[in-house]
Amino acid sequence: MLFGASLLGLLLFSKLVLKLPWTQVGFSLLLFYLGSGGWRFVRVFIKTIRRDVFGGLVLLRVKRKVRRYLKERWTVPTLFAATVRRHPDKTALIFEGTDTHWTFRQLDEYSNGVANFLKAQGLVSGDAVALFMENRNEFVGLWLGMAKLGVEAALINTNLRRDALRHCLTTSKARALIFSSEMAPAVVEIQDSLDPSLGLFCSGPWEPSTVPSSTKHLDPLLEDAPKHQPGRPDKGFTDKLFYIYTSGTTGLPKAAIVVHSRYYRMAALVYYGFRMRSNDIVYNCLPLYHSAGNIVGIGQCLIHGMTVVIRKKFSASRFWDDCVKYNCTIVQYIGELCRYLLNQPPREAEQQHRVRIALGNGLRPSIWTDFAGRFRIPQVAEFYGATECNCSLGNFDSQVGACGFNSRILSFVYPIRLVRVNEDTMELIRGPDGVCIPCEPGEPGQLVGRIIQKDPLRRFDGYLNQSANNKKIATDVFKKGDQAYLTGDVLVMDELGYLYFRDRTGDTYRWKGENVSTTEVEGTLSRLLDMADVAVYGVEVPGTEGRAGMAAVANPTGTCDLQHFAQSLQKELPLYARPIFLRFLPELHKTGTYKLQKTDLRKEAFDPAVVKDPLFYLDARKGRYVPLDQEAYTRIQSGEEKL
């Protein structure tokens, strides 16, 4: 009786809500039933029908809004203007560092001033301006003001220095660089190589002797700028909003294009999927130059009218105190932050908060239950996604360990799939017809999403670098003649359709919440080591999130000044990109196309019982590399040695 009622409900939902043909609905259900072993289908159906219907309704709701905004040529500033009209005097942003509160009206006026000021400087719609600034309210107001003028902001990672920083400015074709006073030393380092026509503006405490001579103090200029609404630029819902730089296989950071519809889609799917409310208060300690902090977090403020508390940087000791102080109901995380919080001694504040949702990605299944239980968090809202991807996932019902789901009953409604790959090369495995082979439940595979450029929910906007786009697109994936986005990530699906993150593949790994490009690190290390062959890869360390960096260096002589090397790395690479482990060996093996072979190196890792070459690790207390013997290895494995 229950099965019959549920089946009838699903059929009606598929026909009336999703507007699928009866033949397609019935045929798909029959195929699934026969292919899944009969009564197993009934079990899957009963256990997932509510989840799948809810997910379908969320998708439908967002899709309808996207169609409307696309037709009416709305943009993020247009959506924000509607939010301001609803509650102009409500608090929009709170900067924890100075306890500065901005209402929606104040944020609107500040961003208007930015737009009018830039217009007076000669910038027009389609120009780019680089933003190099730590978290604060002004960060949001600056890129929002640029968007009101149609200027595209290039949001630069504050950890970047020298070549990487210079590369971001060059590839974005920025006409101006706005930086905070904290970032001044990094700008001074590259000032001699900057284009003389690049406008330089510094925000924050003003000390002319610490910035390039052509720099102007931005804050008083914005105070004097008119605060009226600027004229609306000729921009639509699928036009460029800003760029977010992401690591990748090309070595230096890539500028991922974020269009207005993508910004809305990412923020709205999270809002509706996790049942958020406009009166929620979000605690955001993630960097605003990344999509998690600036789209998933700040997007709830600009589009849905939430108050967002911005913290300059994450602090494990202050986290729950801040949540209590500002009455936060939602906290954002990446997996590593959760481990840091669990490592803190118990405190009263962790039991006094009003947090009902922890929103983020990368929470390890091994600490999931401990995290939610100790801090009394009713809902862990884990999601999967990347700035440029078209196959975001959401764990809408707090299934422990899952980063999302896909319906096993109507899988074609949301066209994503796990496909078989060679785990060493990540090459797609295809069937006799040339089409990729889908994975069965329990079988790991690469997540892919079908590209439909006319659909704002399925389109792939890619990167400024066209060659980078080509590497993320495959053909003949779901069927002959189609195109799909390659995430480069290996996931596994269970029988109920829940998806679990397995591994990050390719020439990147994740450490300290940041994606690290092995190609970029290899280039830097090779240069510092007199152009020696260097292979960089990530290795697992018990009790830590992601993978720690390890560098295998071809060093036939066996000599290296490790103290000087460590000092040089501090100047050249951000902390998260510096290799934790070093291995010196006579030579590195290469493929016929001169690519470094890393598979065996990655498997051998840093175990001195397996690796007979000299091994070293970065001693965090001493700030230098020291020999890695069996005793040190044991301390690292047990967690006694902090990396």
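Above this note sits the structure.
Residues numbered from 1 in each chain as written. Predicted model: local features only at pLDDT ≥ 70, side-chain atom pairs only at ≥ 80, totals over all residues. Heavy atoms only, no water.

A. How the structure looks around the overall build of the protein chain. Counting its regular elements, the protein chain contains 20 helices and 28 strands. Computed over C-alpha atoms, the radius of gyration of the protein chain comes to 25 Å, within 12% of the 26 Å expected from 2.2 N^0.38 for 643 residues, which places it in the range of a compact globule. Based on the C-alpha atoms only, the size of the protein chain along its principal axes is roughly 75 × 70 × 55 Å. Residues counted as buried form 58% of the 643 residues belonging to the protein chain. Put simply, 69% of the contacts in the protein chain that link residues at least 6 apart link residues at least 24 apart. A distance of 8 Å separates the average location of the 81 positive side-chain charges in the protein chain from that of its 66 negative side-chain charges. (Helix = DSSP H or I, 4+ residues; strand = E, 2+ residues; numbered from the N terminus. Rg over C-alpha atoms; globule rule 2.2 N^0.38 Å. Buried < 20%, exposed > 50% of the residue type's maximum accessible area, 1.4 Å probe, protein only. Contact = heavy atoms within 4.5 Å. Lys, Arg positive; Asp, Glu negative; His and termini not counted. Charge placed at Lys NZ, Arg CZ, Asp CG, Glu CD.)

B. Looking closely at the pairing of strand β10 (residues 281-284). Alternating positions in β10 separate into two faces, I281 and Y283 on one and V282 and N284 on the other, with burial throughout. In this sheet, strand β11 (residues 307-310) lies alongside β10 in parallel orientation, the contact comprising 4 bridges. Within β11, the position partnered with N284 by the bridge is I310. The parallel pair β10 and β11 is bridged by helix α11 (residues 291-304), and the resulting crossover is right-handed. (Pairing = 2+ DSSP bridges. Right-handed = clockwise from strand over helix to strand, strands pointing away.)

C. Expanded view of unusual backbone geometry. Of note in the backbone geometry, D476 takes a positive phi value of approximately 55° without being a glycine. When you line up the elements, D476 lands in the loop between β19 (473-475) and β20 (483-493). Given the relative accessible area of 18%, D476 is considered buried. Not every positive phi belongs to a glycine, and A605 is a case in point at roughly 55°. Tracing the chain through its elements places A605 in the loop between α19 (599-604) and β27 (615-619).

D. Just the nonpolar core, in detail. Residues W143, Y263 and L302 are the most contacted members of the largest nonpolar core, which totals 103 residues. The element best represented in this core is helix α10 (residues 260-273), accounting for 9 residues. By size, the runner-up hydrophobic cluster in this structure holds 46 residues, among which are Y509, V534, Y576 and Y633. (Core = buried A, V, L, I, M, F, W, Y, C linked by side-chain atoms within 4.5 Å.)

E. Representation of the side chain of D127 in the model. Within the element layout of this structure, D127 appears in the loop between α5 (104-120) and β3 (128-132). Filtering out sequence-adjacent residues up to four positions away, D127 remains in contact with G122, V151, E152 and R175.

F. Spotlight on the sheet that holds strand β6 (residues 199-203). In spatial order, the strands read β7-β6-β5-β3-β4-β8-β9; together these 7 strands make up an open sheet with mixed pairing. Here the strands that pair on one side only, and so sit at the sheet edges, are β7 (216-217) and β9 (254-259). Against the sheet, α11 engages β4 (152-155), β8 (240-246) and β9, with an angle of about 140° to β8. (Axes fitted to C-alpha atoms, helices over the stretch in contact; angles between N-to-C directions.)

G. Representation of the packing of helix α4 (residues 76-86) against α11 within the structure. Taken N-terminus to C-terminus, the directions of α4 and α11 make an angle of 60°; their axes are 7 Å apart at the nearest point. In terms of orientation, α4 lies oblique with respect to α11. Where α4 abuts α11, its residues V76, L79, F80, T83 and R86 lie against C301, L302, I303 and H304. (Parallel < 35°, antiparallel > 145°, perpendicular 65-115°, else oblique.)

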